[in-house]
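What follows is each chain in one-letter form.
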Amino acid sequence: MIFRPRPLSSGGIHLTYQCPNRCGHCIYASGPSRDEWMSEDDLIRIYSQIRKHGRFLTSIHLGGGEPFLRPDFLERAVRIAVETGVPLDYVETNAFWAWDEETAFRILSRLKEAGLNGLLVSASPFHLEFVPIGRVRTAVSVSRRLFEPDRTRVYTDHYFDQFRDLDPDRTVPLDEYVGAVGEDRAAAGFAGAYGLIPGGRAAVKLAGLYAHRPAREYFGETCEKELSSPHHIHIDPEGHYIAGLCSGLSLGDGRDLDALYAGIDLSRKPVLGRLVTGGVEALFEWAARESGYRENPIGYIAKCHLCLDIRRHLVDSGRGTEELAPHGFYAELD
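Residues numbered from 1 in each chain as written. Predicted model: local features only at pLDDT ≥ 70, side-chain atom pairs only at ≥ 80, totals over all residues. Heavy atoms only, no water.

Participant: Which residues make up the packing of aromatic side chains, and what values go with them?
Facilitator: For the structure shown, the criterion picks out 15 aromatic pairs. Aromatic pair F126 and Y194: ring centres 5.3 Å apart, planes at 75°, arrangement edge-to-face. Pair noted here: F126 is in helix α4 (residues 125-128) and Y194 is in the loop between α8 (183-191) and α9 (202-205), with a separation of 68 residues, a long-range link. Each member of the pair, F126 as well as Y194, carries the same accessibility label: buried. For the pair Y159 and Y177, a centre-to-centre distance of 6.4 Å together with 75° between the ring planes defines the contact as edge-to-face. A residue pair is termed long-range when its members are at least 10 positions apart, and Y159 in helix α6 (residues 157-162) and Y177 in helix α7 (residues 174-181) qualify at 18 residues. The pair Y159 / Y177 is uniform in exposure class, with both members buried. Through a chain of ring-to-ring contacts, the aromatic side chains of F126, Y155, Y159, F163, Y177, F190 and Y194 assemble into a single cluster. Just above the ring of W37 sits the side chain of R70; from NZ or CZ to the centre is 4.6 Å. Seen from the ring of F73, R70 lies directly overhead, with NZ or CZ sitting 4.9 Å from the centre. (Phe/Tyr/Trp six-rings, centres within 6.5 Å; stacked < 30°, edge-to-face > 60°. Helix = DSSP H or I, 4+ residues; strand = E, 2+ residues; numbered from the N terminus. Buried < 20%, exposed > 50% of the residue type's maximum accessible area, 1.4 Å probe, protein only. Lys NZ or Arg CZ within 6 Å of the ring centre and 35° of its normal.)

Participant: Can you lay out the sheet that holds strand β3 (residues 59-63) for me, pointing to particular residues and giving the numbers?
Facilitator: Strand order in the open sheet formed by seven strands is β6-β5-β4-β3-β2-β7-β8, and the pairing between neighbours is mixed. Edge strands, defined here as strands with exactly one partner in the open sheet, are β6 (152-155) and β8 (241-242). Relative to strand β5 (residues 119-122), helix α5 (residues 133-146) is tilted by about 165°, and along the sheet it contacts β5 and β6. (Pairing = 2+ DSSP bridges. Contact = heavy atoms within 4.5 Å. Axes fitted to C-alpha atoms, helices over the stretch in contact; angles between N-to-C directions.)

Participant: Give a detailed account of the nonpolar core, specifying residues and quantitative values.
Facilitator: Core analysis: the biggest nonpolar cluster contains 98 residues, and I13, L15, L62, F68 and L227 have the highest contact counts within it. If one sorts the elements of this core by residue count, helix α12 (residues 270-291) sits on top with nine residues. Y17, C26, Y28 and I242 belong to the second largest nonpolar core, which has five residues in total. (Core = buried A, V, L, I, M, F, W, Y, C linked by side-chain atoms within 4.5 Å.)

Participant: Now, about the side chain of K303: what can you tell me, with residues and values included?
Facilitator: By the element assignment, K303 lies in helix α13 (residues 303-316). Using a relative accessible area of 14% as the deciding quantity, one classes K303 as buried. A distance of 2.7 Å separates polar atoms of two side chains, one belonging to K303 and the other to E226. (Polar contact = N/O pair within 3.5 Å; in protein donor to acceptor, adjacent residues only side chain to side chain.)

Participant: Would you mind going over the pairing of strand β4 (residues 88-93) in detail, with residue names and values included?
Facilitator: For β4, a buried count of five out of six residues is recorded, marking the element as mostly surrounded by other parts of the structure. Examined bridge by bridge, β3 and β4 share three bridges and lie parallel to one another. Considered in β4, the bridge of L62 is made with V91. Handedness of the crossover joining β3 and β4 through helix α2 (residues 71-84): right-handed. (Right-handed = clockwise from strand over helix to strand, strands pointing away.)

Participant: Give me the lowdown on the pattern of salt bridges, citing residues and values where you can.
Facilitator: Per the counting criterion, the structure on display carries 21 salt bridges. Between D89 and R153 there is a salt bridge whose closest N-O contact spans 3.0 Å. Of this pair, D89 sits in strand β4 while R153 sits in strand β6, and the two are 64 residues apart along the sequence. The exposure class of D89 is buried, given its relative accessible area of 14%. What makes R153 partly exposed here is its relative accessible area of 29%. The closest approach of N and O atoms between E226 and K303, which form a salt bridge, is 2.7 Å. Here K303 lies in helix α13 and E226 lies in helix α10 (residues 224-228), a separation of 77 residues in the sequence. Through salt bridges with shared partners, a single network forms among D72, E75, R79, R110 and E113. (Salt bridge = Lys/Arg side-chain N within 4 Å of Asp/Glu carboxyl O.)

Participant: I'd love a proper account of α2, names of residues and values included.
Facilitator: Given a rise of 1.5 Å per residue, 14 residues ought to cover 20 Å, and the 20 Å separating the end C-alpha atoms of α2 matches this to within 8%. Of all the positions in α2, only F73, L74, E75, A77, V78, I80 and A81 are classed as buried. Elements that come into contact with the buried residues of α2 comprise α1 (40-53), β3, β4 and α3 (101-114). Positioned one or two residues after α2, G85 has a phi angle of 80°, which is positive. (Expected span 1.5 Å × (residues − 1).)

Participant: An account of unusual backbone geometry is requested, with residue identities and associated values reported.
Facilitator: Geometrically, the link from G64 to G65 is a cis peptide bond, its omega value of 20° lying close to zero. Within the secondary structure, G65 sits in the loop between β3 and α2. Looking along the chain, the bond that leaves Y155 and enters T156 is cis, with omega of 10°. As for its placement among the helices and strands, T156 is situated in the loop between β6 and α6.

Participant: Account for the packing of α3 against α5, naming residues and giving values.
Facilitator: Contact geometry for α3 and α5: axes closest at 9 Å, N-to-C directions at 45°. One finds that α3 runs oblique with respect to α5. Between α3 and α5 the crossing geometry is right-handed. Residues E101, A104, F105, L108, S109 and K112 of α3 form the contact with α5, whose own contacting residues are T138, A139, S141, V142, S143, R145 and L146. Counted by class, the contact of α3 with α5 contains six nonpolar, four polar and three charged residues. (Parallel < 35°, antiparallel > 145°, perpendicular 65-115°, else oblique. Left-handed = near helix turned anticlockwise from the far one by under 90°. Nonpolar A, V, L, I, M, F, W, Y, C, P; charged D, E, K, R; others polar.)

What follows is the structure, encoded as structure tokens:
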């Protein structure tokens, strides 16, 4: 069977998986020990392919990891996007670099001069564990001075407002936050206000906050819709093309969208093929038969949690395939 993802309409380019934070929710398992960075040559190839295939492209953003770890490279990435006609919407950041207004103004001014016209700043209990809210406020304040009023976004405003009375220079351990607001309220906020994705590190670190269900409750539907969606795709530092938020599962080479959109031979993709045609049920049955996967008696908090658990088992048991990438993702989940 040949599987054809729909050409992207929006998405992001992960310049890196490196990040000064090691957040418990991170869907990409980013952190200080991840050293993957995209090369400039690959970035240029990706921009060119995006321009060629993004017929109805609405926006592209740059993120990570934390792209502000290398501001010179980030500036270059912005400049090349503008020069090649890629509709760059914003850059994502946790604002670790916004020590004071002078520093923040200098960094953001250079990016604006390069062609950036928007910023998305993270504000959540996950980020607060590593970045004091004062730095987030500084980044937001300076960004609002430099860019148009609607071009500075905070994800999320809910938590940005909730943290307004906190000590601007203090980080807050996640356990302390959960203890202060209560587990039920914290879990509801993570799922609702933040839109927590039950994959990546969240499925390992935060699953205890949510109800678990047996694997069979996630059977009965395929993942074709999610995996073929043109919306919010990502291309990572190694060039892996990631559908939506299905981290750790590479559809192919994002540097060669000509080949990817021509069609993927699912006979060569045992994990992807089963998810497309039979969903997690097919993947579960195959992994149990071929590699001894056993259902977790506690259960799973979502379909994505079950899928990740199976894929992690395959990697850990030496049955990982080229689809299960990048390798650093599976190594950094705990």
